[in-house]
Amino acid sequence: MNAPTDRDQALERLLRQSLKTPRARATASCLDPETLAVWAEGGLSGDELEAAQSHVAECARCQASLAAIVHTASIESVTAAAARSESRPRRLFAWLVPLTAAAAAIAIWVAVPRGPGIQPQVAELQSQPAQLKGTEVPAPAAGLQSPSAKKEDQSLAAKADPLQRDQPQASALAKDTERRELDALKQQSQSADAAGDRADKPRAAAEPPAPAAGPVAAAPPPQAAAAEARQAFQETSANAAAQKTAASATFRSVEVAPRWRIAGTTVERSIDGGSTWSVVATGVDADWTALSSPSPAVCWVVGRRGFVLRTADGQNFSRIAFPEITDLSAVQAADAQSATVTAIDGRVFITTDGGVKWQMTP
Amino acid sequence: MLTDATLVARLYAQAHAERWRVSSERFGEALEASVQRAFASRDKSRREVERYLSALHLEDLALACACASGDPDAWDHFMVVHRPILYRAADALEPGGGARDLADSLYGELFGLREQGGERQSLFRYFHGRSSLRTWLRAILSQRHVDRVRSGRRLEGLPDEQSSEALSAVQQTIEPERDRYVKMVQDALTRALADLAARDRLRLACYYAQDLTLAQTARLLGEHEATSSRQLNRTRRALRENVEQQLRVEQRLTEAEISQCFASVADDPGPLNLGSMLSGESERKESVLDRSR
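Attention here is on the structure that accompanies the text. (Residues numbered from 1 in each chain as written. Chains lettered and ligands numbered in written order. Predicted model: local features only at pLDDT ≥ 70, side-chain atom pairs only at ≥ 80, totals over all residues.)

Some thoughts on the packing of helix α10 (residues 198–209) of chain B against helix α11 (residues 214–221) of chain B
Residues and elements named next belong to chain B.
Then, in step 1: Axis separation between α10 and α11 bottoms out at 9 Å; the angle between their running directions is 150°. With respect to α11, the axis of α10 lies roughly antiparallel. Considering how the two elements wind past one another, α10 and α11 form a crossing that is right-handed. For the pair α10 and α11, the contacting residues are Arg 199, Leu 202, Arg 203, Cys 206 and Tyr 207 in the first and Thr 217, Leu 220 and Leu 221 in the second.
Then, in step 2: Counted by class, the contact of α10 with α11 contains five nonpolar, one polar and two charged residues. (Axes fitted to C-alpha atoms, helices over the stretch in contact; angles between N-to-C directions. Helix = DSSP H or I, 4+ residues; strand = E, 2+ residues; numbered from the N terminus. Parallel < 35°, antiparallel > 145°, perpendicular 65-115°, else oblique. Left-handed = near helix turned anticlockwise from the far one by under 90°. Contact = placed C-beta atoms within 7 Å. Nonpolar A, V, L, I, M, F, W, Y, C, P; charged D, E, K, R; others polar.)

Digging into the nonpolar core
Then, in step 1: Ranked by size, the top nonpolar core spans 94 residues in total, and within it Leu 66 of chain A together with Phe 27, Ala 62 and Val 185 of chain B carry the most contacts.
Then, in step 2: With near-sequence residues (within four places) excluded, Phe 27 of chain B lies in contact with Val 8, Tyr 12, Ala 15, Ala 17, Val 22, Ala 62 and Cys 65 of chain B.
Then, in step 3: Residues Trp 260, Val 280, Ile 320 and Val 331 of chain A belong to the second largest nonpolar core, which totals 26 residues. (Core = buried A, V, L, I, M, F, W, Y, C linked by C-beta atoms within 7 Å. Buried ≥ 20, exposed ≤ 12 C-beta atoms within 10 Å, placed from the backbone.)

Here's the deal with the environment of Ala 68 of chain B
Residue and element names in this part refer to chain B.
Then, in step 1: With respect to the element layout, Ala 68 can be found in helix α4 (residues 58–69).
Then, in step 2: Here the alpha-carbon distance between Ala 68 and Leu 110, two residues 42 residues apart in the chain, equals 7.2 Å.
Then, in step 3: Excluding anything up to four places from it in sequence, Ala 68 contacts Gly 112, Ser 122, Phe 124 and Arg 125.

Description of unusual backbone geometry
Residues apart from glycine generally show negative phi values, whereas peptide bonds are mostly found in trans.
Residue and element names in this part refer to chain B.
Then, in step 1: Of note in the backbone geometry, His 16 takes a positive phi value of approximately 50° without being a glycine.
Then, in step 2: Structurally, His 16 is set in the loop between α1 (5–15) and α2 (24–39).
Then, in step 3: On the basis of neighbour count, His 16 is assigned to the partly exposed category, with 13 C-beta atoms found within 10 Å.
Then, in step 4: Residue Asp 211 is not a glycine yet carries a positive backbone phi of 55°.
Then, in step 5: Mapped onto the fold, Asp 211 is located in the loop between α10 and α11.

Some words on the packing of α1 of chain B against α4 of chain B
Residues and elements named next belong to chain B.
Then, in step 1: With their axes 8 Å apart at the nearest point, α1 and α4 run at an angle of 85° to one another. By the angle between their directions, the pair α1 and α4 is classed as roughly perpendicular. Where α1 abuts α4, its residues Leu 11, Gln 14 and Ala 15 lie against Leu 58, Glu 59, Leu 61 and Ala 62.
Then, in step 2: Split by residue class, the contact of α1 with α4 holds five nonpolar, one polar and one charged.

Observations regarding the pairing of strand β5 (residues 288–295) of chain A
All names here are of chain A.
Then, in step 1: Summarising burial for β5: seven of the eight residues are buried, a large majority.
Then, in step 2: Inspection of the sheet shows β5 paired to strand β6 (residues 298–303) by five bridges, in the antiparallel sense. Bridging across to β6, Trp 288 finds its partner in Gly 303.
Then, in step 3: From the end of β5 to the start of β6, which pair antiparallel, there are two residues. (Pairing = 2+ DSSP bridges.)

Remarks on the sheet that holds strand β8 (residues 317–320) of chain A
Residue and element names in this part refer to chain A.
Then, in step 1: With antiparallel pairing, four strands are arranged side by side in an open sheet as β5-β6-β7-β8. The sheet is open, and its two edges are formed by β5 and β8, each paired on a single side. Direction aside, the axes of adjacent strands within the sheet are offset by 20° on average.
Then, in step 2: Summarising the sheet, β6 and strand β7 (residues 308–311) pair through four bridges and their orientation is antiparallel. Counted as the bridge partner of Cys 299 is Thr 311 from β7.

Points about α1 of chain B
Residue and element names in this part refer to chain B.
Then, in step 1: Along α1, the positions that sit buried rather than exposed are Val 8, Leu 11, Tyr 12 and Ala 15. For α1, the angular spread of the buried residues around the axis is 110°, confining them to a single face. Projecting away from the buried face of α1 at angles above 90 degrees are the exposed residues Thr 6 and Ala 13.
Then, in step 2: The inward-facing, buried residues of α1 abut α2, α3 (46–54) and α4. (Arc of directions from axis to C-beta.)

Regarding the sheet that holds strand β11 (residues 348–351) of chain A
Residues and elements named next belong to chain A.
Then, in step 1: Reading across the sheet, the four strands line up as β9-β10-β11-β12 and stay open at both edges, with antiparallel pairing between neighbours. Of all the strands in the sheet, the pair left with one neighbour each is β9 (328–333) and β12 (359–361). Averaged over neighbouring strand pairs, the angle between their axes works out to 20° when direction is ignored.
Then, in step 2: Direction of pairing for β11 relative to β12: antiparallel, over a ladder of three bridges. For Val 348, the partnering residue across the bridge sits in β12 and is Thr 361.

Next comes the structure, spelled out in structure tokens:
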């Protein structure tokens, strides 16, 4: 116990214990809720802030109240930031969508050889990421992911609550927004591709096949394609932090129906391609944040406070024990046994035995 | 009157107060009350008042006025928008759902079930629009929750035989020297803490007692996260040096004994009551605060 660091640690321990000792009771000089609220929103300044700090430095009750507001603020900021990032960037970049779709359609039409018959859905999903990467989707798509757009999203998320400006949730939301925009872009390109496919079929039949060096030439065989498609799908469904906003995100299973989505405290399922949705009884009342469905029968759902659900038959969910009571922001499942869950603080938990054991990576 | 009719009319329109059938007079009274509370006895210029009023959460203030008056549409809106917020906050405070009853109990007070002089005493009368309504509600809920937890602690039973406190007591009787060392460090730390500036104490409390992250602590103190981190390190080092100095000079301990002192608190410092140790200092600070108001 000679080294200063050892003594510092001893003192830290003493501080941690001693500073938690509650002080007697509320006094007349305790801060009222409005002052606490204004402080929490960053609205106190000057003498008022100094007086408040002087009091709270001594008052365990006000300290605890302030800390409680900060803790509850994290939830509100996620909601508010999600709501804002849902609406504003879409307005800002609405004009980019048709341009992007057109550019993507042209790029895909040029690059992808047309085969006879209808492409299975798996192959269709698989081809999109490859095409998007391989053809370097031009300016509009790049614009969607430009640093300025990222910065704007992040700033929107950060503005949601001054207490949470630099919280990981904010950046997670910004990333989520980007991902959703990219998903929208993919869907646009998919529909544009399908339209282009139908319109150009006669021409495609008459034209010689595209050179083998194109993106599709590098496409893997069907099994690998399915695996890649699964991977691509999982990527789109993994980071769905703060999905508890009014708008629900949909997550499509790779093979065929059903589709899954979360809407606040409910999990919903569609078996008609998203036309109608029915609430699935999970037996658990929790705020769900993300889900991952690697196959039609399997779906993992994660939520706040360490709630994890899984179905292996596409119908009945059972709760999976999770080692920590912490807010979970993302899940990426490979099958009914293997899943990777990300907590809001960035820690990653992995199970390969259906949730019996979890391994944490910092 | 601190507010003129033109200003009230402009703010009334901004607040969309007519949506809830709040009269201009009623809204003007709410603005007046807000100004009175914010500036109290301070001198204020017209421009200062105007700037203050323009920065208020006017729509929330109008809604609060309407709810305080019992407007059914306003209440419907309040329940739809703010009830989920209260529930989410309650769940954040107590994940098992134990704080939801606190949230539910607020509605009666917000509605104003109690009457005084024939007028309902709604909790909304304490809302002056300086913060958003949602943060204000969270603040009320947080304060109630803290009070309940603290009152619960006072009712907690004595530690059982296997608890750390009981074990610590046994250990202390076995090691009387350790008991003395722990007491010395506690006393020295108490004095060292009292020497700190309020801001430094608050930073320590946020980080160590309230388990806030560095970012949250920094935000509350209005400084950068890196500054908070640096200041925490600096304060901790200053505390340690202060404690060492006290043990060395006042207690006349050798370096070896000082090391034993720190080793004693490193294992298990035992039950501490820093609150009572700081009470003298606390009362002094509070009385200073009282005089300034």
